[in-house]
Amino acid sequence: MTRLATSWLVYRLTGSPFLLGVVGFAGQIPTFLLAPLAGVWVDRLNRRNVLLVTQFLAMLQSLALAGLALSHRINIHEIIALSAFQGLINAFDMPGRQTFLVEMVEDKQDLGNAIALNSSMVNMARLVGPSLAGAVIALSSEGYCFLIDGISYLAVILSLALMRLHGASPKRSADSMLVQLKEGWEYVSRSAPIRTILLLFALVSLMGWPFTVLMPIFAGKILHGGAHTLGFLMGAVGVGALISALSLAVRKTVLGLGKMIPLSTAAFGFGLIAFGFSHIFWVSLLLMLVCGFGMMQQMAASNTIIQTIVEDSKRGRIMSFYTVAFVGMAPFGSLLAGGLAHLIGAPYTVMFSGVCCVAGAAWFATRLPTIREFMRPIYRDLGILPPAPAIVQDSVGR
């Protein structure tokens, strides 16, 4: 609700597409710059306490937006500053939430289902939130969207405070933050699965996901529709993502998720390529379903594998690198997509994005044997795979 209300407020106040981009960039760039250091803090501190602080600050940010908007005193400079403040909060909140999710799941076998259910709720919110925001703005103003958002944090803070957790508290480290940051980076570099997954994730975030920035062009110029056309297209992306998340939620094990990453990335890429060619509304709608499905499948499968195999002592730092790949690439991808669309047009830009995703999927597929060799002993230690058969000695004991 707040994202849509912010975009609408910026456009109503300024009428500038450029300032829309500036506000989006301001809200994402702090996460890119600060998430790795935030991950060190998350590993040092009690993660529930981290979330209590970030949720309280996010509540203050929303209430500040509400107060300024409802008093009709808000201007673009205040929106940019408060968006940057939210990006600063997210730099700590996102790795904190990702790591805290594991503390809420007692059996790691259930981790994939928990991540998928979390993704289902996120995508349901993406479907319902904009519709609610549109209704609230039509009936009153953007300020009430911000007010509802601010009040809703009270439920989150109360839920966090009432949780009974059985996980171990993070161990205090005598090492400096820079030493711990280096330790996290070396852990990512040495781990073939985590390194390869994050590289593909960053590529898709940079080249694939920013296709949403170009959706208004497709809705208006390519498909000759209006705001309702844009709503249907983005709704189709959300439906596809929701179906994907629900399909992952019913899985019994993390086994087999590795091969889903290149398959879903390739499906996403081919969906983008075909979408670039389409000039028929219902065909474009179906292709957006495919894109949403592939996008969510790749994201949730990547998250599940990383959360399953990473060491608990380094979880916050690793998930901060995941946050950089997920959120941090987005502002650069949006700028790149906009620049390419200006040079070669939106359809060719989306096709090129799809080709990059398919190429990334092919590269990841070549790395799968190495990834499986690395993960097999970890899965055995966790009880996900049966123990390796004992080596039978011959008659002379060799």
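Quick caveat, the model's predicted, so the values are computed rather than measured. (Residues numbered from 1 in each chain as written. Predicted model: local features only at pLDDT ≥ 70, side-chain atom pairs only at ≥ 80, totals over all residues. Heavy atoms only, no water.)

### A short note on the overall build of the chain
Right, on to step 1. Secondary structure summary: the chain contains 14 helices and 0 strands in total.
Right, on to step 2. The linear arrangement of helices and strands in the chain, starting from the amino end, is α-α-α-α-α-α-α-α-α-α-α-α-α-α.
Right, on to step 3. Against the globule reference of 21 Å for 398 residues, the chain gives a C-alpha radius of gyration of 22 Å, in line with a compact fold.
Right, on to step 4. If you line up the chain on its principal axes, its C-alpha atoms span 85 × 50 × 35 Å.
Right, on to step 5. Considering the chain as a whole, with its 398 residues, one finds that 49% of them fall into the buried category. (Helix = DSSP H or I, 4+ residues; strand = E, 2+ residues; numbered from the N terminus. Rg over C-alpha atoms; globule rule 2.2 N^0.38 Å. Buried < 20%, exposed > 50% of the residue type's maximum accessible area, 1.4 Å probe, protein only.)

### Description of a nonpolar patch on the surface
Right, on to step 1. Nonpolar side chains collect at one region of the surface, where Phe232, Ile280, Phe281, Trp282 and Leu286 lie side by side and expose about 530 Å² of accessible area between them.
Right, on to step 2. At 3 residues, the largest contribution of residues to the nonpolar patch is made by helix H12 (residues 281–309).
Right, on to step 3. Looking at where Leu286 falls in the secondary structure, it is placed in helix H12.
Right, on to step 4. Overall, the relative accessible area of 46% leaves Leu286 in the partly exposed class. (Patch = residues over 30% accessible without salt bridge, like charges linked within 9 Å, V, L, I, M, F, W, Y side chains within 5 Å. Areas by Shrake-Rupley, 256 points an atom, 1.4 Å probe, with all protein chains shown as cover. Salt bridge = Lys/Arg side-chain N within 4 Å of Asp/Glu carboxyl O.)

### Focus on the pattern of salt bridges
Right, on to step 1. Per the counting criterion, the structure on display carries 6 salt bridges.
Right, on to step 2. Across the pair Glu103 and Arg47 runs a salt bridge, and its minimum N-O distance is 3.3 Å. With Glu103 in helix H4 (residues 76–104) and Arg47 in helix H3 (residues 47–70), the pair connects residues that are 56 residues apart, well separated along the chain. For the residue pair Glu103 and Arg47, the accessibility class agrees, reading buried in each case.
Right, on to step 3. A salt bridge links Glu183 to Arg317, with the shortest nitrogen-to-oxygen separation between them at 2.7 Å. Here Arg317 lies in helix H13 (residues 315–344) and Glu183 lies in helix H7 (residues 177–190), a separation of 134 residues in the sequence.

### A look at H4
Right, on to step 1. Compared with an ideal rise of 1.5 Å per residue, which puts 29 residues at 42 Å, H4 spans 40 Å between its outermost C-alpha atoms and is within 8% of the ideal.
Right, on to step 2. Where H4 bends most, at Asn90, the angle is about 35°.
Right, on to step 3. N-cap assignment for H4: the residue whose side-chain oxygen lies 3.0 Å from the backbone N of His77 is Asn75. (Expected span 1.5 Å × (residues − 1). Bend = angle between axes of the 7 residues up to and from the residue. Polar contact = N/O pair within 3.5 Å; in protein donor to acceptor, adjacent residues only side chain to side chain.)

### Focus on the packing of aromatic side chains
Right, on to step 1. Within the structure shown, the criterion is met by 8 aromatic pairs.
Right, on to step 2. Ring centres of Phe218 and Phe275 lie 4.6 Å apart, and the angle between their planes is 45°; this geometry places the pair in the tilted category. Of this pair, Phe218 sits in helix H9 (residues 215–222) while Phe275 is found in helix H11 (residues 257–277), placing the two residues 57 residues apart along the sequence.
Right, on to step 3. The exposure class of Phe275 is buried, given its relative accessible area of 0%. (Phe/Tyr/Trp six-rings, centres within 6.5 Å; stacked < 30°, edge-to-face > 60°.)

### Examining unusual backbone geometry
Where the residue is not glycine, phi is negative for most of them; where a peptide bond is considered, it is trans in most cases.
Right, on to step 1. The residue His72 is not glycine, and still its phi comes out positive at about 60°.
Right, on to step 2. Mapped onto the fold, His72 is located in the loop between H3 and H4.
Right, on to step 3. Using a relative accessible area of 72% as the deciding quantity, one classes His72 as exposed.

### Comments concerning helix H14 (residues 346–381)
Right, on to step 1. Given a rise of 1.5 Å per residue, 36 residues ought to cover 52 Å, and the 48 Å separating the end C-alpha atoms of H14 matches this to within 8%.
Right, on to step 2. Note on H14: the residue one or two positions beyond its end, Gly383, has a positive phi of about 85°.

### Focus on the environment of Met124
Right, on to step 1. Turning to its location among the elements, Met124 is positioned in helix H5 (residues 111–139).
Right, on to step 2. Residues Met124 and Leu246, spaced 122 residues apart in sequence, show a C-alpha to C-alpha distance of 11 Å.

### A short note on the nonpolar core
Right, on to step 1. The biggest cluster of nonpolar side chains holds 65 residues, and the ones touching the most others in it are Ile194, Phe268 and Met288.
Right, on to step 2. For this core, the elements supplying multiple residues, two or more each, are H7, helix H8 (192–208), H9, helix H10 (227–249), H11, H12, H13 and H14.
Right, on to step 3. Broken down by element, this core gets its largest block of residues, 11 residues, from H12.
Right, on to step 4. Apart from the residues within four sequence positions on either side, Phe268 is in contact with Val204, Gly208, Trp209, Phe211, Cys291, Gly294, Met295 and Cys357. (Core = buried A, V, L, I, M, F, W, Y, C linked by side-chain atoms within 4.5 Å. Contact = heavy atoms within 4.5 Å.)

### A few points about the packing of H12 against H14
Right, on to step 1. Viewed as axis vectors pointing N to C, H12 and H14 meet at an angle of 60°, and their least axial separation amounts to 10 Å. Classed by the angle they form, the pair H12 and H14 counts as oblique. The hand of the H12/H14 crossing is left-handed. Mapping the contact onto sequence places Ile305, Thr308 and Ile309 in H12 and Met375, Ile378 and Tyr379 in H14.
Right, on to step 2. Of the residues that constitute the contact of H12 with H14, the class distribution is 5 nonpolar, 1 polar and no charged. (Axes fitted to C-alpha atoms, helices over the stretch in contact; angles between N-to-C directions. Parallel < 35°, antiparallel > 145°, perpendicular 65-115°, else oblique. Left-handed = near helix turned anticlockwise from the far one by under 90°. Nonpolar A, V, L, I, M, F, W, Y, C, P; charged D, E, K, R; others polar.)

### Some thoughts on the confidence of the model for the chain
Right, on to step 1. In the predicted model, the chain carries a mean pLDDT of 83, and 91% of its residues have values of at least 70.
Right, on to step 2. Note that residues 392–398 has pLDDT below 50 and, in this model, 1 contact with residues that lie over four places away or in other chains. (pLDDT = per-residue confidence, 0-100.)

### Considering the packing of H8 against H13
Right, on to step 1. Remark: H8 packs on H13, axes separated minimally by 7 Å, with the N-to-C direction vectors making an angle of 25°. Viewed along their axes, H8 and H13 adopt a mutual orientation that is roughly parallel. Here H8 and H13 pass one another in a crossing that is right-handed. Taking contact as the criterion, the partners of Ile194, Leu198, Phe201, Ala202, Ser205, Leu206 and Met207 in H8 are, on H13, Ile318, Phe321, Tyr322, Ala325, Phe326, Met329, Ala330, Phe332, Gly333 and Leu336.
Right, on to step 2. Considered class by class, the residues forming the contact of H8 with H13 number 15 nonpolar, 2 polar and no charged.

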